[in-house]
Amino acid sequence: MQALFYTGPEQMELRDTELPPLAAGESRVRVLATGICGSDLHAYHGHDPRRVPPMILGHEAAGEVVEGALVGKRVTMNPLVICGHCDYCREGRQNLCSNRTMLGMNRPGTFADSVVVPDHCLIELPDGMSPVVAALTEPAATVLHAINRLERSLARPLAEARVLVIGAGAVGLLTGLMLRQRGVRRLTLAETNPLRRETAERAGLTMIDPRQTPPEADSVEAVFDCVGAAVTRAMAVQATRPGGALMHLGLQDNDGPFDMRAVTLKELIVLGAYTYTPNDLHATVDLLASGALGSLDWVETRGLEGGATAFADLVAGRTAAAKIVLTP
Ligand SMILES: [Zn+2]
Ligand SMILES: [Zn+2]
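Residues numbered from 1 in each chain as written. Chains lettered and ligands numbered in written order. Predicted model: local features only at pLDDT ≥ 70, side-chain atom pairs only at ≥ 80, totals over all residues. Heavy atoms only, no water.

J.: I would appreciate a short explanation of the environment of I208 in the present structure.
T.: Along the polypeptide, I208 turns up in strand β13 (residues 207–208). Residues contacting I208, with those up to four places away along its chain left out, are T188, L189, A190, E191, R197, T213 and P215. (Helix = DSSP H or I, 4+ residues; strand = E, 2+ residues; numbered from the N terminus. Contact = heavy atoms within 4.5 Å.)

Next up, the structure:
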């Protein structure tokens, strides 16, 4: 099979490689669509010690089962391979499984013609759902998980809140679309890249360039920081009203300072969210298949052979697409 290998910092190479063997309880999925994630870009820069080259990255995918359980079925997959018996798994918080591994991190990923996946990770798609849309399940489930977590900490229903989303990459854009679908009416997205602002505006979202128009202090009940940089964390703390909640989703840097004094004085709730549970993934497939998040035409598709260029374009900010999906 052909696979896009991450061979070293800023190097991707399309290679022929042996079909990986199938163990008991595993299926082979022919990949029809696989999205490039921010975490793949992070690895591409050589910044992720968990992703060691040479390896096949990629964990957002949909395809058709060609060997194993569910042969002939279209599926998406939970890239988190969980143990099912640790404390977290037993209490339904499988995203925190103590023994988890992950496709495209410590198992071969989805930037390939096919991928081997444990049967329990497969999620069958409803009839007619396009593989490109289904490949958005993983990032959209991350967003769903984060919105549900934040919603539980608000004093009033989420739909009544003023909400600021920082960043309009795929996660920021999906956060905006999902909040709108949840009935949030006073919703603003902050994005510095004009191409991305345009894409989000076309999807009907209200945008600001925070360098021109910084969000007002104490103006919103909830903030989603989908960038996760020192400057966006400062913006988030400033914009949140006393008693409000801040969801930290992005992983761009870990630089300080972080205004803990404001967290105390404004009685802020600061939350993190990591990936999704199997329930979140199933709910997200239903949501995406229903069309409730709009046309999703901001996704750009390219062949697997265009993968290396896609990485370079994303890094250089040369594309207006919030998400590039490769179609092997
Ligand atoms: Zn991802
Ligand atoms: Zn577990």
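J.: Which parts of the structure should I look at to understand the coordination of the zinc ion (ligand 2)?
T.: Metal coordination angles in their ideal form are 109.5 degrees for the four-donor tetrahedron and 90 or 180 degrees for the six-donor octahedron. C83 (SG), C86 (SG), C89 (SG) and C97 (SG) make up the full set of protein donors to the zinc ion (ligand 2), lying at 2.3 to 2.4 Å. The motif formed by the donor residues of the zinc ion (ligand 2), counted along the single chain, is C-x2-C-x2-C-x7-C. Here the two residues C89 and C97 agree in accessibility, since each one is buried. (Donors = N, O, S within 2.8 Å, 3.2 Å for Na, K, Ca; no water. Buried < 20%, exposed > 50% of the residue type's maximum accessible area, 1.4 Å probe, protein only.)

J.: Is there a simple way to explain the coordination of the zinc ion (ligand 1) in this structure?
T.: Ligation of the zinc ion (ligand 1) by protein atoms is provided by C37 (SG), H59 (NE2), E60 (OE) and E138 (OE), these donors lying 2.2 to 2.6 Å from the ion. Taken together, the four donor atoms coordinating the zinc ion (ligand 1) and their angles of 77 to 162° define a geometry best described as irregular. (Tetrahedral: all angles 85-135°; square planar, octahedral: opposite > 155°, others 65-115°.)

J.: Whenever I open this one, the packing of aromatic side chains confuses me. Can you help?
T.: How two aromatic rings sit relative to each other is given by the distance of their centres and the angle of their planes. Enumeration according to the criterion identifies two aromatic pairs in this entry. Arranged with centres 5.9 Å apart and planes meeting at 85°, the rings of F111 and F311 form a pair that is edge-to-face. Of this pair, F111 sits in the loop between β8 (101–102) and β9 (114–118) while F311 is found in helix α10 (residues 307–316), placing the two residues 200 residues apart along the sequence. Judged by its relative accessible area of 0%, F111 falls in the buried class. Of the residues examined, F311 reaches a relative accessible area of 0% and is grouped as buried. Three or more aromatic residues joined by ring pairs make a cluster, and in this case those are Y44, F111 and F311. Above the plane of the ring of F5 lies R15, whose end atom (NZ or CZ) is 5.0 Å from the centre. (Phe/Tyr/Trp six-rings, centres within 6.5 Å; stacked < 30°, edge-to-face > 60°. Lys NZ or Arg CZ within 6 Å of the ring centre and 35° of its normal.)

J.: Would you mind showing me how to read the packing of helix α4 (residues 137–151) against helix α9 (residues 278–290) here?
T.: Think of two packed helices as two axes; the pair is described by the angle between the axes and how far apart they sit. Packing of α4 against α9 brings their axes to within 9 Å, and their N-to-C directions diverge by 110°. One way to sum up the angle between α4 and α9 is to call them roughly perpendicular. The two elements α4 and α9 cross, and the hand of that crossing is right-handed. Side by side, α4 and α9 meet where T137, E138, A140, A141, L144, H145 and N148 of the first sit next to D280, L281, A283, T284, V285, L287 and L288 of the second. Here the contact of α4 with α9 is composed, by residue class, of eight nonpolar, four polar and two charged. (Axes fitted to C-alpha atoms, helices over the stretch in contact; angles between N-to-C directions. Parallel < 35°, antiparallel > 145°, perpendicular 65-115°, else oblique. Left-handed = near helix turned anticlockwise from the far one by under 90°. Nonpolar A, V, L, I, M, F, W, Y, C, P; charged D, E, K, R; others polar.)

J.: Could you clarify how one ought to interpret the domain arrangement of the protein chain in this entry?
T.: Interface size is commonly expressed as the accessible surface area that is lost when the partners come together. What the domain assignment reports for the protein chain is domain 1 (2–136 + 296–326) and domain 2 (140–272). A separation of 27 Å is found between the C-alpha centroids of domain 1 and domain 2. At the interface, 12 residues of domain 1 touch 15 residues of domain 2. Together, W298, A320 and A322 form the three largest contributors to the area buried by domain 1 at its contact with domain 2, with a combined 52%. (Domains from an automatic or database assignment. Buried area = accessible area lost by both parts, 1.4 Å probe.)

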